[in-house]
Every structure is written in C-alpha cells, then in structure tokens.
Amino acid sequence: MRIVSSITGDHWVLALRTVLAVWLALYVALRLDLAQPAWAILAVMIVTLQPVMFTGGTPPLGIIIHRCIGRLIGTFLGALMGLVLIALFAQQPMLYLLAAGGWLAFCTFCVMLLNDEPASYIMMLSGYTATLVSLTAIGTGVDNIFDLALARTTETALGIGAGFLMHVLIAPRFGSHALPGTLSALIEGAAGEARVALMETRSRAVLNERLRALMGKHQQFESQHTLARFEFRRFRRLLPALDRFAGDSLALMTGLRELEEAVDRLSHCEGCEDIMTALRAPTLPFLKALEHSSEALPALPELPDIVSLVSPEARVTRVRATLVRERLAEVVRLLHHGRSLSLAMRHHRYAHLVQLTGRRPRRANHPEYGVARYNAFRVFIAFELLGLFWIHSGWTSGYLSMMLLGVFIVLFAKAPNPAAVVRQFLTGTIWAVIIGCVFSYVVFPAITGFPLLALSIAVPVAIGTLMTPHMRYAAVGLAGAVTLMTLLNLHRTYVFHPTQFINGGLASILGTVVTMVTYSLFQQRTPAERLETLVAAYWRGLERVTRARRLPSRAWLESRLYDRLGRLLALGSGEQMLREAVDLHALAMCLWRLRRLARRAGSHQRDIERWVLELGRQLPRAGRDEQAWQRLAADSEARAASLYEIDPLPTALIGEFEMLAHLLRDLPGAEAQAREALSHDEDEQGAMDAR
C-alpha cells in the first residue's frame, strides 16, 4: 500500500515508456524470427531501469544515450571475447573456467579502477557478456556459437534502439536543462563566501558546513555537465570550457580556503585595516553583483597595487598583503569566468565571453588498486568454485547459475553494500521464478496472437518498472523483470518443458545465492577504512610533490587532488575529514608553488629546494603529533623571516612560506588527536588510581 501511494505521474510515464519499448522490441524480434527475443527485452529493461535505481525516476536523456552507446560497445567486445573463449577452450572445461574467470576478474578490476563512467560501463558489459555468450554456447551446443554471438549483439542493439526511441518520443527529460542555473547557484554561493571572508572571521564549524554546501553544488554541476555532451548541441560548443571549469570550480574552493588564511595572517599586521579597505573597495561591488542572478556580466575589478599601500620598511605587511591580493585575484578571476560561462549557456549573444577553443584538460584520477584487486580476486574465486560444482555435478542447467553469477557479481561490485543489494535481487528472482511458472504453463497456453502476448507481458514489466524507482524495492523490481524475461523463452512459448523450467529457475536462484554468499564472506574494506586510505594518499602525495625531479603540471596535480576529494564525498566523509582534505590540498598546492617560485630565487634556489625536500620527508613522520606540526610551522616561519633580509627575492616566494607556516600550524586533525591522547592518558591515570 505504501508503494502504491508514492507512485507519481513521472513513474507512470516511465512505466508506459518501458512497456511500449518492450512491445516494439518483442514485435520486431518475432517478425525477424530472431533466436532469443528475450535478449532484446532484457536490453530494454537494463538500459531503462538500471539508471532508475540511482535517479529515482525518469533518467535524463544524456544518461540513456551514454548507456546505449556503452552497452553497444561493451556487448560487441564481450561477444567477441565469448567467441575467443569457445574457440580456444570449448573442449577443455577446466581451462575454460580459468580463462573465463580471469577475463571476468580483469573486467571487474577495470570497473573498480576506472573513474571514467563510460569506460567503466563498457568493461562491465564486456565482462559478463563474454560469459553469457560462451556459457550459453556450452549449455546449448558450441556448434552455433557464432550465431549466438551475432544474435546477442543484434538483439541487444534492437532493445537499445527501442528503449532509446521511446525515451526520445515520450516526455524526454533533459538533465542538463538545469545546468546554467546550477552553475549560477555555485557562483553565487562562492561569491558570498568570498565576500564574507573579506568582511569577518567565522568559526571552523561554520566553515566546514559552508564548504560541504559548496561541494554539493559542485557535484551537482559535475553530474549535469557530463550530460551536456549528449543532450544539447549548443552546449557541446562549450564543452572545453565546461570541462575546464569542472576543475576550476574546485580550485575556487581551495582558493577561498587560502584567502581566509591569508586574510587571517594579514589581520595581525599593523595597518591591515587600511589595506583591506583598499582591497574591498573594488571587490565587494563585484561580489555583490555576482550574488544576485542577472543578465549582465560585471566587469573584472582592478585590485590596487600593494606597493602603493605599504611602505618599503614594512616588509612583513607587504608580503602578507601581496599574498591576500594574489589569492583574491585568483578567486575573482574564477568567479568572473564562471559567470561568463553561465551567461554563454543561457544566451547565444554571450558566447564570445568564453574561449571555446582548446583541448579537453587531461584528468588524473586517483586509483584504488587495493579495492580493485580484492574485487577481482573474489570474483575469480566465486566463478571457479561454482564452475567446479557445475562441471562435477553434470547439471545441464548449471550454466544459468554461472551466467547470473557473472552478471550480478560485476554489476554490483561498486555498490557500498553489494550483499544487501543482491539479497533484494534474490527476493526478486524467487518471485520471478514463481510468476514465470504461472506465465509459462497457465497464461501462455491460453494465448493466441501477438496482442494477447504483449498485454500479458506488459503486466510484470509495468509492475517491475513501478517498483524500481523506490530504493527499498528497486533491486527486487529490476531482478524480477530481468529474471522473468530470461526464463520465459519467448522464442518457443508453447513448448511444454516443466523439468527444464524448474532446472532453470533453481539455477537462477543458486547463482544469486552464490553471489550473495560471496559478497558476505569476502567483505571488502569498509567506507571508513577506504577514507583513511584516501587521506593517507594525500600525505604520500605531499611527499612526492617535494621530491619529484620533474615538477608536475598544476592541472595534473589539481586533477589528482580533486579526484580524491570527490571520492571522499562519495564515501561519506565527515566534516572534519573533509576540512582536512581541503587543507591538505591547499598545502600540496603551496608546496608546488614554492618549488616553482624557487626557480626565480637565483643562487638560493638549491637551498630552498633542499629545505622543501627535507620538509616533505618529515611530513609523513609527523602524523597526528600536534607538537611536531607546531615545530614544522615554526621552522617555516623562521625560514620566511630569514628570507626578508635577502634581496631581491620575489615577494610571492616569501608569501608562500608565510602561507605554508599558517597551514602547518592550523592543520585540522592534530587538535582532535591531541584531545584523544589526553583522554587516553586520563583514563590510564584513573585506572592506576583505582588500583
């Protein structure tokens, strides 16, 4: 009753779209006398319903196009690999198990390792399609392996085409429609944060909350801008600029963090209020204009020259004021670029505001090799053990359990709790077996003609579609629809084979149970443990920045850091860990700038680089020791103080040492660790007193 009351109009439209696509795929498959019409229906269900599990409603057209393309490529590669497996190992079952299990494990490894969604989806399809084709050939006869591979590819293409056509014709939903508004909201929020940073000091709790809010807006922009390449031609012209700003928006947040630190550093200097007043004068009107949505692009403010504001004798004040000006100029530039991009997306007359040329920036992802290797290992073990049972038992329908194991164990490898998802799939599979029995031996024998066949199939398809948008029943609905289409054998509807159906149903249930048991026994690292690993990767990255012979490009380094930050958010990091990650990001960029600016230090370059290298060696050893961080901060401050006496060193170089000292002294996590250590010592002292 609860699920019925929560069905919306969008869900009914989704069900209508899915039913019509299934009818079209089934009709064409039967008219062309294709070998397995159920495969065409299966392609419709997976392309349409799998994104519904994550969107909770009609998926955007961009996701559908992306899934259709990925499924076509993945199915072709998987069918080709299935041909290779049968050609090489058709007469050697043990070698086939090793080769097919190895391919499935390799594809799972790539799925876990690749952050690029299209490539990951293609590898997923390649993995289980190869097992579907080769196992079907083994179960039904290897002589028709080429026909099976061709049929699988052809009918998958038919199902993809039918599903895509209905999504285009019936109430299409464009996910990137809201992209200009999302970008405007991100710019408005960041402009407000910059204005507040110039005007007042906020507590760390408030800063953490505001940071997470901005990161949420960035994630929304990131997800929508990836759809733009598929949905709107006018947005495609802006793709290079959109891709570039996807990284710039995170650089904007790091810049806001560093701006707060620089303003705080300057606030301890004499005459700071006069300097801040001079910097606020041209900047605040610009920021206030960005905070309010409008059709005008405010002019980029001209910040005053610090040399004219600070006397040459006040070198400390001049360095810190220069640092504030540089960070403020970077933030203002990024905000101006973001507003011009949002205006260019809204109106063609603003297209000249954005540079539309240039290649897409190269993204450097942070790979989790340990997680990928572990998933590949458990996939291989499960496939081999179930394969040995199938071979030694001589169960003719056992290949069906192997097929479902291959599909489910790759399909849900990225889920936070795959065992729970597969448990829901088991419920759906059991219901599908029961309903399939009723259809095969009660409904279908009484049916004559395609209209009645289509109407009868529409009932379970509609029910499964209406269940999928609800998180609690999503896996049940999808599994029921998928398993039912697999069991119905629509190419020979009126053949009475109860023994074969029972064997197929038991094999489907067994494959799902083995998948669930595999995920339960071989549990991968928890999200909390993966979060700790990601934070540890930040620390190792800091050391690499200080000792790399060839300094990496800023775009590459920022991309790697941003990818880690995105993973932290996806795994559910807390406020403190998120803040620490942003600070570590700022620290890494500060060290990078130090090494780059050291090239302009003349004879002092080697000395500065040696100091940075030694700091990099001490960073991992400092860990959570608050006193160690205070010593490093004091050392950095002393280094900055010594550089004031050297002429003519760049002011920006000294300013980076100042920023480095501030980041080291204010590193989050050290204070919490000190409190934990103090609490532990008090507990030990209390226990000693009690004894």
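Relevant structure appears above.
Numbering of residues begins from 1 in every chain and follows the order in which that chain's sequence is written. For this predicted model, a pLDDT threshold of at least 70 governs which residues receive local features, and a threshold of 80 or more governs which side-chain atom pairs are given and counted, while totals over whole chains, interfaces and linings are taken from all residues. Note that water and hydrogens are dropped before the side-chain values are worked out from all heavy atoms of the structure.

Colleague: Describe in detail the overall build of the chain, supporting the description with residues and values.
Modeller: Helix numbers and strand numbers start at the N terminus; a helix is a DSSP run of H or I with at least 4 residues, a strand a run of E with at least 2. The helix and strand inventory of the chain stands at 26 helices and 0 strands. Relative accessibility under 20% of the residue-type maximum defines a buried residue, over 50% an exposed one, and the middle range a partly exposed one, all with a 1.4 Å probe and only protein chains included. The buried share of the chain, reckoned over its 691 residues, is 54%. Taking as baseline every contact in the chain between residues at least 6 positions apart, the subset at least 24 positions apart corresponds to 82%. Method for areas: the Shrake-Rupley scheme with a 1.4 Å probe, in which residue coverage is limited to the protein chains shown. Surface summary for the chain: the accessible area is close to 30,000 Å², and the carbon and sulfur share equals 60%. Whether two residues touch is decided by their heavy atoms; if any such pair falls within 4.5 Å, the residues are in contact.

Colleague: Tell me about the nonpolar core, residues and numbers included.
Modeller: For our purposes a nonpolar core is just a set of buried Ala, Val, Leu, Ile, Met, Phe, Trp, Tyr and Cys residues, chained together by side-chain atoms within 4.5 Å. Core analysis: the biggest nonpolar cluster contains 101 residues, and Leu242, Leu335, Leu565, Leu568, Leu591, Leu660 and Leu664 have the highest contact counts within it. Excluding residues that lie within four positions of it along the chain, Leu591 makes contacts with Leu542, Val545, Thr546, Val612, Leu615, Leu619 and Leu660. In terms of nonpolar packing, the next biggest core, distinct from the first, is built from 77 residues, Val22, Val44, Leu85 and Leu405 among them.

Colleague: For the pattern of salt bridges, give the residues involved together with the corresponding values.
Modeller: By convention in these notes, a salt bridge is any Lys or Arg side-chain nitrogen within 4 Å of a carboxyl oxygen on Asp or Glu. All told, the structure shown has 8 salt bridges when counted by the stated rule. Arg280 is the salt-bridge partner of Glu273, the closest N and O atoms lying 2.9 Å from each other. Using a relative accessible area of 45% as the deciding quantity, one classes Glu273 as partly exposed. Residue classification places Arg280 among the buried residues on the basis of a relative accessible area of 15%. Note that Arg593 is salt-bridged to Glu656, the shortest N-O span being 3.1 Å. Separated by 63 residues along the polypeptide, Arg593 in helix 22 (residues 575-597) and Glu656 in helix 25 (residues 651-665) bring together distant segments of the chain. A relative accessible area of 5% means that Arg593 is categorised as buried. The structure contains a network of salt bridges with shared partners spanning Glu258, Glu326, Arg327, Arg593 and Glu656.

Colleague: An account of the packing of helix 5 (residues 93-113) against helix 15 (residues 398-411) is needed here, citing residue identities and associated values.
Modeller: The contact between helix 5 and helix 15 brings their axes to 10 Å, and the two run at 20°. Here helix 15 runs roughly parallel to helix 5, going by the angle between their axes. Where helix 5 crosses over helix 15, the two elements pack in a sense that is right-handed. Seen from helix 5, the contacting residues are Leu97, Leu104, Thr108 and Val111; seen from helix 15, they are Met402, Gly406 and Val410. The class makeup of the residues in the contact of helix 5 with helix 15 is 5 nonpolar, 2 polar and no charged. Axis definition: a line fit to C-alpha positions, over the contact stretch in the case of helices; interaxial angles, taken between N-to-C directions, run 0 to 180 degrees. Reported orientations rely on four angle classes, namely roughly parallel under 35 degrees, roughly antiparallel over 145, roughly perpendicular from 65 to 115, and oblique for the rest. By definition, any crossing whose near helix is turned counterclockwise from its far helix by less than a right angle is left-handed, and any crossing with a clockwise turn is right-handed. For this classification, Asp, Glu, Lys and Arg are treated as charged, while Ala, Val, Leu, Ile, Met, Phe, Trp, Tyr, Cys and Pro are nonpolar and the rest, including Gly, are polar.

Colleague: Tell me about helix 12 (residues 272-291), and please be specific about residues and values.
Modeller: Each α-helix winds once per 3.6 residues, and so residues spaced three or four apart point in a common direction. Bending of helix 12 peaks at approximately 40° at the position of Arg280, with proline Pro282 no more than four residues after it. All of the buried residues in helix 12 are Cys272, Ile275, Met276, Ala278, Leu279, Arg280, Thr283, Leu284, Phe286, Leu287 and Leu290. A residue's bend is simply the angle between two axes: one fitted to the seven residues ending at it, one to the seven starting at it.

Colleague: Go over a nonpolar patch on the surface, please, and point to the residues and values.
Modeller: Think of a patch as exposed residues, more than 30% relative accessible area, with no salt bridge, where like charges cluster within 9 Å and nonpolar side chains (Val, Leu, Ile, Met, Phe, Trp, Tyr) cluster within 5 Å. Residues Ile69, Leu72, Ile73, Phe76, Leu77 and Leu80 make up a contiguous nonpolar surface patch of roughly 510 Å² in combined accessible area. Mapping Leu72 onto the fold places it in helix 4 (residues 61-89).

Colleague: So what's going on with the side chain of Ser126? Which residues, and what values?
Modeller: Relative to the elements of secondary structure, Ser126 occurs in helix 6 (residues 117-140). Look past the residues within four positions of Ser126 in its chain and what remains in contact with it is Gly74, Leu77, Gly78, Trp103 and Cys107.

Colleague: If you had to explain the environment of Ser120 to someone new, which residues and values would you point to?
Modeller: Counting through the fold element by element, Ser120 comes out in helix 6. Overall, the relative accessible area of 3% leaves Ser120 in the buried class. With 11 residues separating them in the primary sequence, Ser120 and Phe109 have C-alpha atoms 9.8 Å apart. Excluding residues within four positions of it along the chain, Ser120 makes contact with Val111, Leu114 and Lys414.

Colleague: Quick rundown of the packing of helix 14 (residues 369-393) against helix 15? Include the residues and the values.
Modeller: Following both chains from N to C, one finds helix 14 and helix 15 inclined at 175°, their axes separated by 10 Å at the closest point. By the angle class used here, helix 14 and helix 15 are roughly antiparallel. Across the interface between the two elements, Arg378, Val379, Ala382, Phe383, Leu386, Gly387 and Trp390 of helix 14 pack against Gly398, Tyr399, Ser401, Met402, Leu405 and Ile409 of helix 15. Partitioning the contact of helix 14 with helix 15 into residue classes produces 9 nonpolar, 3 polar and 1 charged.

Colleague: Hey, could you go over the environment of Met345 for me, with residue numbers and the actual values?
Modeller: Structurally, the position occupied by Met345 is in helix 13 (residues 315-346). Note on Met345: relative accessible area 0%, which makes it buried. A sequence separation of 103 residues divides Met345 from Leu242, and the C-alpha atoms of the two residues are 10.0 Å apart.

Colleague: Go over the environment of Ser134 with me, naming the residues and quoting the values.
Modeller: One can find Ser134 in helix 6. Apart from the residues within four sequence positions on either side, Ser134 is in contact with Gly82, Leu85, Ile86 and Tyr96. A polar atom in the side chain of Ser134 sits 3.4 Å from the backbone oxygen of Thr131. Polar contact is the term for a pair of N or O atoms within 3.5 Å; when the atoms are in protein, one must be able to donate a hydrogen and the other to accept it, and sequence-neighboring residues count only if both atoms are side-chain atoms.

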